[in-house]
Amino acid sequence: MPSTFNTCEREKLFLNPSSKKFGIPELQKLVKPHIDSFNSLLEPPTKGILNYAVIDIDPVEIFDVKVPYNSPTLGNKLKVWIEEVLISKPFLSEHVRATTMRKIYPAECRERFTTYAGKVNIKLCWKINDGNTNFETKYVGMAPIMVKSNRCNLQNLFPKQLIEHHEESEEMGGYFIINGIEKIIRLLLVQRRNYVMAIIRPSLASRGASYTEYGVSIRCARQDQTTMTNIIHYLKNGNCMLRFSWKKQEYMIPVILIMKALIEINDKGIFEQLVQGEFSNTFLTDRVELMLQEFKSFAIQSKEQCVSFLGEKFRIIFSISPSYSHKQAGEHILKKVILVHLKHNQDKFNLLIFMIRKLYSLVAGDCSPDNSDSPQNQEILLGGHLYGMLIKEKLSDCLNAIRAVVAADIANNRPVDFNDKKYITNVFNRSNMEIGRKLAYFLATGNLASNSGLDLMQTSGYTIVAEKLNFYRYISHFRCVHRGSFFTQMKTTTVRKLLPESWAGFICPVHTPDGTPCGLLNHLSHTCRIITTKPNVEMIPSILAEMGIITRLATGTHVTKKNFLCVQLDGKILGWCESGHAQSIANKLRLLKFDEISIDLEIGYVPPSNGGQYPGIYLFSEQARMMRPVKYLANNEIDMIGSFEQVYMNIACLEEDIIKDVTTHIEIKPTNMLSILANLTPFSDYNQSPRNMYQCQMAKQTMGTPSTAIMHRTDSKLYRLQTGQTPIVRPVLHNTLGLDGFPNGTNAIVAVISYTGYDMEDAMIINKSAHERGFKYGTIYKSEMVSLDEFYDSGIKHHFGLGADAPSSLREKLDNDGLPFIGARLKTGDPLCAYIDDTQGGKTIVKQYKGSEDAYVDQVRLLGDDLGMHEVQKVHIMLRIPRPPVIGDKFSSRHGQKGILSRLWPQVDMPFTESGMQPDIIINPHAFPSRMTIGMFVESMAGKCGAMFGVAQDSTPFRFNEEFTAIDYFGEQLVRAGYNYHGNEPMYSGITGEEFQADIYVGVVYYQRLRHMVSDKWQVRSTGPVHNLTMQPIGGRKRSGGIRFGEMERDSLLAHGMSFCLQDRLMNCSDFSQCHICRKCGSIFTSLSLKTHYQLNTNRAYKKHHIQCNICETSRWISLVKIPYAFRYLATELASMGVKIVLKTKDDD
Amino acid sequence: MSKRNSKSQGNAERLEQLRTRVIIEKEGVESISSSEFPYHSSNHHQDIDYIKEFIKKFSVKIIRKEQYDMEFDLIGVDAAIANALRRIMIAEVPTMAIEKVYIYNNTSIVQDEVLAHRLGLIPIKADPDRFYFKQANESPTDMNTIVFKIEHECTFNPKAREDETDPQKLYIGHNLLSESLTWIPKGDQEEQYAGCPIRPVHNDILIAQMRPGQKIKIEAHCEKGIGKDHAKWSPVATASYRLMPEIILKKEITGDLADKFAACFTKGVVEVEDSYVEGQFIKCAKVVNPRIDMVSREVLRHKEFEDIVQLTRIRDHFIFNVESTGIMDSEKIFLDSVHILQAKCKRLLAALDHKLREQERDREQMDIY
């Protein structure tokens, strides 16, 4: 029987990495949305999103004279625009002469703490008046490049070459490297594009006096993936106003004005289009009539009038060139903000009609609002697309910068001559066109510095660090989707709710953290795909026409037929069909998906209902949609379904769920709904659900194997488990994703027994001998950066090395170059490195190791400057801190059962089984009844027989059922191995030597060591630093502060009547102070020392009376009292505001 | 205690069983503790000489004896004694193990401290009796320290084919094994151990995997120690015991049930024989070797055997299994443990005597006053 652990196969992959294919191709698919979205920025066949963006950026027209608005003389016109953006792969700067290897690879950037970026060049074109077009290729900075994208030097490399370039053998990419740190642009859930959403939201009513909470909203996406949201408000009188925002400002326009500006149409036409034959629907007709009537107040009718009106009103805020007429300006505005996903005005008009009808239907209660929290109405904002949007905006800023330079010249009366080529070049050079730094800033901080807001709801939190704490956490970063930081502030919990339509396959119902981000930070299911390329859908209109949809509704009074459903493709109205035919059209289209049209087409058929979602056939083909594979029963092929259409589909989970003529699809596997991590919890279907959530959390905090290229990592902190093992009990996905390359724990012999008392309250006991043999031994790598180049500009003044003045004791740890020996053991205060400071006359200056634990020097990296010209000024030292498990460290099984190590128990005292086996870990049986993690029991049994027979046990959830139970399956195996069917074993006490009265549940459970360790957390203080304002002890572990003894703690002491302890803790050990008080006036501020005023005879009298109250002018009432210093501070603060505190005193005795 | 048992058995028989047997029930184990000691309420008789009784009952039977693995029965002792021996074998029989590692060069990927730890766990074939414990303030001598060294380097194999991928052929010395630990005799160790040179027990323990250019140069010092301090000094892989199982059949089990019955036990415990009953051969279950049963209680899970079978274990019959790591013979480990226990008892007796004398002195002094 071959090994079910695939050990040899894995070793082969490891020893002889392929140069042609990946060993674990599935792993590459996980980050695909990130890479593909970045690739689509510049990649054919779609021509590259960036080039669409460039076309969409308006040319800037600059005039060489200062012109008042609407002046007839404009002077010479300089028109500047961008024609092309080119981003190159990361190469060395041409100034570097040291090497002929010009390519920069990510590993170098990580190790040198630089940014992995490629040159951005734009083709800048300009034209003077109507002369010839000139162009110039302009360098605009270094844009950070996503690793393994089509602009990365690692693209198309396979394990062998990747290892040669110091990467992980199965490196997936998908992140940026900014100053050596790996950054990911988070996936964000946003409103589904090109779909008209009916919304009822109180905030809509706050827009003005007659505004109501009803509205329809559409997020229109341009070809370059930038979006513009249009909202139509319903006003109390029945009128409709369209809202859009421009540069973070909101504007309202009457819809009729826009409709009339779009096409030449009279009121009758608009009325007929809106009513569509429903003349008996007086709710609708009344409102349409009123809306048309109200527009009369504008006194404009024709298309031209309307467009010019728009242009006149809006040309300032859109900063439209003075050379444009009002009409041109108006048309420009219509193009820029109204339903930008559509090109033709007729289409825009049709969609406006649809929107208004939907709005009225919503108000009348004929249709329900769409839920913006449901994935049905959401899509994903991909990192690459966001990056593209940002580049677009920064490029258009570049053009504005040119305009600003010329404007400044004119304002300062400098000569401006467009015909002088030198001047133009000069202008270009002077304008700030650097976009690379802005992009790097965005990725480094996650802050969106934008003047348009990019139609997004947040300005920060767009990027996260791809922490390599362990591999599970790392891959989860790429699969997480955030709802938006806007919602984190929200008081209501509706956004966080788990909706039935969301967890059906797209977003994992289990994998979300608890606490603040709960329900907002979700993870994609492991089969969920995100569409990154738009399939070709040009043939759909003709296909639909063949199927008999009506492309143009007959108008006029004779049309009485109702119940037409609108057919839309990506927000464009293709036509209408009778509601009776809609289902069959949808069905036919679905069959066509498999060959004629793309599989990625989403066919959302919303059937007519009584007050449900507004009906229609909505086809979606664009990017950023979530889709997932299921099997189509009609042809037994894999169909991709989207989150919109899924709501109206009948998908069976298992074969037996199929209902004839109803069910159309079946799930490929029931576990497809789970994220990667949730899938890895063994037998999670046996656990109480919150425990699986906890496990997802804890898997990400486990000390495991962060990387197989630790030699080339420079993370500030890395956790590593030395003795990682492959779990005996693991799901199929474990192999599919090759997770054996990154073990996350060890198989431990676990006895569930209440043995010593040290296992109470979730504590666990570890066998001391197991510990001594290396059980759960871990290591932490910490990095220290030493940089000398603070005064770099004035020449190098510091040199690493030991000067003549260095004491010989330094040479024990440091070499002549001032750097520590590899393998040297550093204690607190030991020298970490030394340098010679020329500014102090060649003195040797030592930098100390400040950590509290002993560390070994693991690596020393010399970091040169970018050009490779200067003496080394930067050194990166990697320290290794051994962390064997100690009492107080945290461990957990894979079932949300965490515990603290409470004791290393001698092996001889541990209980032993019939065969002499002694458990590695003892946990208390009380951990189970309330938590109901039966999965852990099953794992224990499965692990035990897996270990006995040497097989890997499949722990995929939902494998067993009521007829075929896990207990039988594993119980039979145990019996075969000679064990008890239930997993119990007779055990003998290691202390008395007698057999226990009960058999003990012993098995093999995969245990994780969590990163929370006492060594990082212990805090102790007797006396120490105090806060200098209040004189109270300061807080914080790093500053050796105390732990707050707070109100509740105080209350408990009070309740116990422990007054002495209370006095001691809160007064004597805190801010005890003494001060003089005047008992007569009750003030603590008026007592003054008056040494010189009195002629005193005896020393004794002096001592007694040398302090006097300044107000009462006597020392009779002065006494010394003990008060907390904070009280004195309070009194001072109050006094400064003119509030006096009078203390009443009483004689003590 | 279940009523069923008391009904079916005579009282005396039942009492005898409680006195000498551990009774295994479906849920739980009964009568686990012994009452076989003086001054226990039920069995104390002035006129019994317990020592004689003990000598009469006590025996050691060696069942299987290999050099490094042995099984023997210890009969007629209390669990406390058996357990004491087990504990001493695991934790208190001294051996030699690497305790200090001086690393001169280590460019392998195994970190220094991990390498040292791995070396410590390698069993060293050396007779611990011929060494002293090294005290903390003592300097190493040939009487308390054994020195090993490793000088190892991995290189490319010049004879390897160009496209070779098997590291075994591609490199020389890419596996650092325990055989590379070379003993450096100090003092008169060379002559003393001429007959049995000191070496690691196993030559093929993998210490580190290496690649060309990596070097390891270390000196390792072995010291004498006990398993209590660190598991590396434990001479046994495991030393443990179990109680002798006993399977009592109250009724004959015949037919297909016999096969099922046999399957409930470890293979070889119950055999199915054909016996001639009433003119025909029928299958009949017979307990042949209860000793090897793992007492999984599988038989109690089946309803059909509920009243037919009783599982017990003999409370003072310990089946010991001592598996040596290879440093010492199993037999010696056990004998050493007995000696250590003896020494401990002597120490305790001496301490008791001392205490008694002290008390006596105190009393005398009291009398004087």
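Residues numbered from 1 in each chain as written. Chains lettered and ligands numbered in written order. Predicted model: local features only at pLDDT ≥ 70, side-chain atom pairs only at ≥ 80, totals over all residues. Heavy atoms only, no water.

Chemist: Please clarify how the interface of chain A and chain B should be interpreted in this entry.
Modeler: Many analyses report the size of an interface as the accessible area lost when the parts associate. Contact residues are listed per partner, giving 43 residues for chain A and 39 residues for chain B. Of the roughly 3500 Å² buried where chain A meets chain B, counting both sides, 47% is carbon and sulfur surface. Counting across the interface, chain A meets chain B through six salt bridges. Taking the shortest distance from any N to any O, the salt bridge between D999 of chain A and R297 of chain B comes out at 2.7 Å. On inspection of chain A and its partner chain B, the count reaches 23 residue pairs in polar contact (both at pLDDT 80 or more). (Contact = heavy atoms within 4.5 Å. Buried area = accessible area lost by both parts, 1.4 Å probe. Salt bridge = Lys/Arg side-chain N within 4 Å of Asp/Glu carboxyl O. Polar contact = N/O pair within 3.5 Å; in protein donor to acceptor, adjacent residues only side chain to side chain.)

Chemist: Would you explain the sheet that holds strand β20 (residues 602-606) of chain A in this entry?
Modeler: Strand pairing in a sheet relies on backbone hydrogen bonds, with the paired strands running either antiparallel or parallel. Residue and element names in this part refer to chain A. Read across the sheet, four strands follow the order β19-β18-β21-β20 without closing on themselves; strand pairing throughout is mixed. Only two strands of the sheet have a single partner each, and these edge strands are β19 (572-578) and β20. Taken over all neighbouring pairs, the strand axes of this sheet differ in orientation by 15 degrees on average, direction set aside. The sheet contact formed by strand β18 (residues 564-569) and β19 spans six bridges and is antiparallel. Among the inter-strand pairings, Q568 is bridged to a residue of β19, identified as I573. Of the strands in this sheet, β18, β19 and β21 (616-620) are in contact with helix α13 (residues 345-364), which crosses β19 at around 55 degrees. Packed onto the sheet, helix α20 (residues 540-547) meets β18, β19 and β21 and runs at close to 15 degrees relative to β19. (Pairing = 2+ DSSP bridges. Helix = DSSP H or I, 4+ residues; strand = E, 2+ residues; numbered from the N terminus. Axes fitted to C-alpha atoms, helices over the stretch in contact; angles between N-to-C directions.)

Chemist: Help me understand the domain arrangement of chain B in this model?
Modeler: All names here are of chain B. Domain assignment breaks chain B into domain 1 (16-93 + 234-250 + 308-352) and domain 2 (95-233). Once you take the C-alpha centre of each, domain 1 and domain 2 turn out to be 38 Å apart. In total, domain 1 and domain 2 occlude about 990 Å² of area from one another, counting both sides; carbon and sulfur atoms represent 52% of this. On the domain 1 side of the interface with domain 2, the three residues burying the most area are A91, S234 and I327, jointly 49% of the side's total. For the pair domain 1 and domain 2, the interface holds seven residue pairs in polar contact (both at pLDDT 80 or more). Listed by contribution, the elements that provide at least two residues to the side of domain 1 that touches domain 2 are α4 (79-91) and α9 (330-368). The class makeup of the residues in the side of domain 1 that touches domain 2 is seven nonpolar, three polar and three charged. (Domains from an automatic or database assignment. Nonpolar A, V, L, I, M, F, W, Y, C, P; charged D, E, K, R; others polar.)

Chemist: Help me understand empty space enclosed by the protein, please; the structure alone is not making it clear to me.
Modeler: With a probe scaled to a water molecule rolled over the atoms, the places where space remains empty come into view. All names here are of chain A. Following the criterion strictly, the structure yields 12 cavities of 30 Å³ or more and no others. By volume, the largest cavity amounts to about 90 Å³. Along the walls of the largest cavity sit D762, A763, M764, Q897, K898, G899, I923, N924, A927, M936 and Y1007, which together make up its complete lining. Secondary structure elements with two or more residues in the lining of the largest cavity: β29 (763-767) and β38 (898-905). Class assignment of the residues belonging to the lining of the largest cavity gives a composition of six nonpolar, three polar and two charged. (1 Å grid on protein atoms, 1.4 Å probe; cavity = no way out; pocket = protein on both sides within 12 Å on 5 of 7 lines; lining within 4 Å. Points joined across faces, edges and corners; volume = space filled by probe spheres on them.)

Chemist: Teacher, can you tell me more about the pairing of strand β23 (residues 637-642) of chain A here?
Modeler: For a regular strand, side-chain orientation follows a simple rule: the groups alternate between the two sheet faces. All names here are of chain A. Bridge analysis of strand β22 (residues 626-632) against β23 gives six bridges, and the strand direction is antiparallel. Along β23, the bridge assignment pairs K631 with I638. What sits between the antiparallel neighbours β22 and β23 is a turn of four residues, in which N636 has the positive phi angle 60 degrees.

Chemist: Looking at this structure, how should I read the side chain of E111 of chain A?
Modeler: Residues and elements named next belong to chain A. In this structure, E111 sits in helix α5 (residues 106-112). Of the residues examined, E111 reaches a relative accessible area of 16% and is grouped as buried. A polar side-chain atom of E111 sits 3.3 Å from a polar atom in the side chain of H712. Among the polar contacts listed, one links the side chain of E111 to the side chain of R861, at a separation of 2.7 Å. The contact partners of E111, leaving out residues within four places of it in the chain, are H166, H712, T714, R861 and L863. (Buried < 20%, exposed > 50% of the residue type's maximum accessible area, 1.4 Å probe, protein only.)

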